[in-house]
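What follows is the residue order along each chain.
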Amino acid sequence: MGNGILGQKENCALDRTFAQAQGPSTCVPSTKQESYFLYDVKTENAFFPCEPSLRSGLLKLSVAKHRSTEHRAASPPSLALVAPCSSGAGPQPLQKHLSRRKAGLVAELPPAPMPVMEKTSTDASPLTMHSSEKQETVCIFGTGDFGRSLGLKMLQCGYSIVFGSRTPGMSSLLPSDAEVMSYSDAAQKSDIIIITIHREHYDFLTELTEVLKGKILVDVSNNLKINQYPESNAEYLAQLVPGTHVVKAFNTISAWALQSGALDASRQVFICGNDSKAKQRVMDVVRSLGLTPLDKGSLMAANEIENYPLQLFPMWRFPFYLSAVLCVFFFFYCVIREVIYPYVYEKRDRTFRLPISIPNRVFPIAALTLLALVYLPGVVAAILQLYRGTKYRRFPDWLDHWMLCRKQLGLIALGFAFLHVLYTLVIPIRYYVRWTSNNRTITQVITKKENPFSTTNSWLSDSYIALGMLGFFLFVLLGITSLPSVSNMVNWREFRFVQSKLGYLTLILCTAHTLVYGGKRFLNPSNLVWYLPSAYVIALIIPCTVLVIKFILILPCIDKTLMRIRQGWERNPKYSESSLNGKTDI
Ligand SMILES: NC(=O)C1=CN([C@@H]2O[C@H](COP(=O)(O)OP(=O)(O)OC[C@H]3O[C@@H](n4cnc5c(N)ncnc54)[C@H](OP(=O)(O)O)[C@@H]3O)[C@@H](O)[C@H]2O)C=CC1
Ligand SMILES: [Cu+2]
């Protein structure tokens, strides 16, 4: 048996675990909550704890081990996986596990069926290996960049690879362990054929229809443009070679990533296909390459999967353009007020304000406006639901899209808030600030004028800073909780609490920070420059509007109606019925 079916370099982790398994026949207690115990139900021979992700691999190993021993002719082994110590109280002896299992406290997987010996088995149980001692053969059509990289990776993972090529004799750079033959010869070697050929060259596959009948064709192709063809490449392939089971997979993994092993960012492989058995087998292959298959359904999903690698930050586009427009608008607004106006009326050169003073006005304004825009669609949706008296009608597309990119809006807002903090920290070391402060003191000395301490001013200044710091702290907390690694750890209610309650508190603090900054000057007519109010006054419009509407919405009478609507109550059910029947438009 040697080092087993998975005895390749890539699976050294498994190999090591397997080596441990050969040793103790008693249970090695799990110290990890997520570990499973593998043991033979009949002999009560326990192997070792294993990660859930390794379950299928371990079962394969154990089945192979079993077959290679004197039990070969005996009945199938009843291998089972026992779930972890649910208490998380640390190691527990196997007996305890067994009694817990018998008491139904722990899960038990059904005994693994005996593996099927034929290389080309179509049995699709995820816990079985299609060949135990012999390596499964997979055929790859095309010896280009992707075909070669995938072939090499699969060889490393224990598959035997047959390449199909137009010019089998001339193919260079191929892994030495792989066979290369003509397309039709190669097709006969395996029932899984990965087509690593560009769609434009699929035509020749029609000639192979007979050979390919009943086989699984894996379409990996991508296009150059979104929706380049009327039908997806996978659907086109299925039409071209009828009688085959086409499965879309691997198109989001690059040849480079396969070669370099830098797969962390793109471990997910989207999979779709009409034949569930075929899909399951491809998913097994994907798993054995150390990748994560993600079932996207039938072949109709292929179009979406093919468009996926061509998208450029789709959810970031609207927030990005919006923040760019906001920044440009407020930048020029401030330039007019603070640079052009003093130059026109006082002939004073204030251009030095361009690098720090003006950006430090623009960044907080952008941050506050974007944060308010995160919460605006929520209140707009609530108003719409109240107005319509039902939740069973779709929101307009723009609102849907806006809702979907709230996280991105919030993260950009956080970025601006961060810049505002940095720009504020450098204020004391700026020449202009030091000069103004020194000059004021000297003037006071010369004119022998005192500047009495103002409690009001110190209150305003301290509250302004305190509100800013608290607002920023909560803002950062919001950003952290939106990270997938954190949001996956909290339940739906906790996430909503943080993002909604804490979010509104952040908005209140940041709005208050801006209001206090304005202090007594707020709405003072003397602050108008060419009839233009200060930029921060404009910046307060959206946040204040959102907060006022939100305040009205949480008034008990309105909140109660809204809650009822959200629980399915309709003010006018008839209206909703007719809209369901398509009699009214949305
Ligand atoms: N490169 C990548 O990172 C990724 C590629 N893909 C997809 O994989 C497929 C292959 O890509 P890639 O390997 O980069 O492309 P290449 O151009 O490097 O290879 C394509 C292969 O197709 C075969 N082929 C068959 N018929 C023809 C024909 N008439 N003209 C030219 N070649 C033909 C050739 O193999 P032979 O000479 O042996 O017949 C050729 O090597 C594409 O559909 C691509 O969208 C998907 C994800 C990532
Ligand atoms: Cu500020």
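Residues numbered from 1 in each chain as written. Chains lettered and ligands numbered in written order. Predicted model: local features only at pLDDT ≥ 70, side-chain atom pairs only at ≥ 80, totals over all residues. Heavy atoms only, no water.

The name an unreviewed UniProt entry assigns to the protein chain is Metalloreductase STEAP4, from the organism Bos mutus. Per UniProt, the protein chain carries the Sequence similarities (unreviewed entry) text "Belongs to the STEAP family." Under the heading Subcellular location (unreviewed entry), UniProt records this for the protein chain: "Endosome membrane". (UniProt positions renumbered as here; feature names shortened; annotations may be inferred.)

Colleague: Looking at this structure, how should I read the coordination of the copper ion (ligand 2)?
Modeller: Octahedral metals with six donors have ideal donor angles of 90 or 180 degrees. Tetrahedral metals with four donors have an ideal donor angle of 109.5 degrees. Those protein atoms acting as donors to the copper ion (ligand 2) are His-420 (NE2) and His-513 (NE2), and they sit at 2.0 to 2.1 Å. Here His-513 lies in helix H18 (residues 492–518) and His-420 lies in helix H14 (residues 406–425), a separation of 93 residues in the sequence. Each member of the pair, His-420 as well as His-513, carries the same accessibility label: buried. (Donors = N, O, S within 2.8 Å, 3.2 Å for Na, K, Ca; no water. Helix = DSSP H or I, 4+ residues; strand = E, 2+ residues; numbered from the N terminus. Buried < 20%, exposed > 50% of the residue type's maximum accessible area, 1.4 Å probe, protein only.)

Colleague: Help me understand the UniProt feature "transmembrane region" (unreviewed entry) in the protein chain, please; the structure alone is not making it clear to me.
Modeller: Taking the numbering used here, the UniProt-annotated feature "transmembrane region" (unreviewed entry) corresponds to residues 320–345, 365–387, 408–433, 464–490 and 535–558. Between the first and last C-alpha atoms of residues 320–345 the distance is 36 Å; the span itself is 100% helix and 0% strand. As annotated, residues 365–387 has a helix share of 100% and a strand share of 0%, and its two end C-alpha atoms lie 32 Å apart.

Colleague: Would you take a moment to explain a nonpolar patch on the surface for this structure?
Modeller: On the surface, Ile-336, Ile-340, Tyr-343, Val-344, Tyr-345 and Trp-530 cluster together into a nonpolar patch covering about 580 Å² of accessible area. Inspection of the secondary structure puts Ile-340 in helix H11 (residues 314–346). (Patch = residues over 30% accessible without salt bridge, like charges linked within 9 Å, V, L, I, M, F, W, Y side chains within 5 Å. Areas by Shrake-Rupley, 256 points an atom, 1.4 Å probe, with all protein chains shown as cover. Salt bridge = Lys/Arg side-chain N within 4 Å of Asp/Glu carboxyl O.)

Colleague: Could you clarify how one ought to interpret a positive patch on the surface in this entry?
Modeller: Taken together, the side chains of Arg-493, Arg-496, Lys-501 and Arg-566 define a basic patch exposed on the protein surface. It is H18 that provides the largest number of residues to the positive patch, a total of three residues. When you line up the elements, Arg-566 lands in helix H21 (residues 556–566). (Lys, Arg positive; Asp, Glu negative; His and termini not counted. Charge placed at Lys NZ, Arg CZ, Asp CG, Glu CD.)

Colleague: Looking at this model, I keep getting lost on the side chain of Arg-353. Mind explaining?
Modeller: Positionally, Arg-353 belongs in the loop between H11 and helix H12 (359–388). Among residues more than four places away in sequence, those in contact with Arg-353 are Glu-338, Ile-358, Pro-359, Arg-361 and Tyr-432. (Contact = heavy atoms within 4.5 Å.)

Colleague: I would appreciate a short explanation of the packing of H18 against helix H20 (residues 541–553) in the present structure.
Modeller: How two helices sit against one another is set out by the angle between their axes and by the gap between those axes. In the contact formed by H18 and H20, the axes pass within 10 Å of each other and the chain directions differ by 130°. In terms of axis orientation, H18 runs oblique to H20. Between H18 and H20 lies a crossing whose hand is left-handed. Contacts between H18 and H20 pair Tyr-504, Leu-507, Ile-508 and Thr-511 from the former with Pro-543, Cys-544, Val-546, Leu-547 and Lys-550 from the latter. Its residues placed into classes, the contact of H18 with H20 shows seven nonpolar, one polar and one charged. (Axes fitted to C-alpha atoms, helices over the stretch in contact; angles between N-to-C directions. Parallel < 35°, antiparallel > 145°, perpendicular 65-115°, else oblique. Left-handed = near helix turned anticlockwise from the far one by under 90°. Nonpolar A, V, L, I, M, F, W, Y, C, P; charged D, E, K, R; others polar.)

Colleague: When you look at the confidence of the model for the protein chain in this model, what are you seeing that I'm missing?
Modeller: Do not read the fine detail of predicted coordinates wherever pLDDT is low. Scored by pLDDT, the protein chain has a mean of 78; 74% of the residues are at 70 or more. Predicted confidence is poor over residues 1–133, with pLDDT under 50, and the contacts of this stretch with residues over four places away or in other chains come to 228 contacts. Taken together, the stretch residues 582–586 has pLDDT below 50 and engages in eight contacts with residues farther than four places along the chain or on a different chain. (pLDDT = per-residue confidence, 0-100.)

Colleague: Before we go on, may I ask you to explain unusual backbone geometry in this structure?
Modeller: Trans is the common state for peptide bonds, and a negative phi is the common state for residues other than glycine. The phi dihedral of Phe-250 falls on the positive side, at around 65°, and the residue is not glycine. Assignment of secondary structure puts Phe-250 in the loop between strand S9 (245–248) and helix H8 (255–260). For Phe-250, a relative accessible area of 1% puts it in the buried group.

Colleague: Where do I start with the environment of Val-516 in this structure?
Modeller: As for its placement among the helices and strands, Val-516 is situated in helix H18. Not counting the four nearest positions on each side in its chain, Val-516 is found in contact with Leu-460, Ser-463, Tyr-464 and Leu-467.

Colleague: Got a minute to help me understand the packing of aromatic side chains in this structure?
Modeller: Both the distance between ring centres and the angle between the ring planes are used here to describe each pair of aromatic rings. Here the structure, examined in full by the defined rule, presents 20 aromatic pairs. Taking 4.8 Å as the distance between ring centres and 35° as the angle between the ring planes, the aromatic pair formed by Tyr-341 and Tyr-345 counts as tilted. Of this pair, Tyr-341 and Tyr-345 are both found in helix H11, four residues apart, which corresponds to roughly one turn of the helix. Given a relative accessible area of 24%, Tyr-341 falls into the partly exposed group. (Phe/Tyr/Trp six-rings, centres within 6.5 Å; stacked < 30°, edge-to-face > 60°.)

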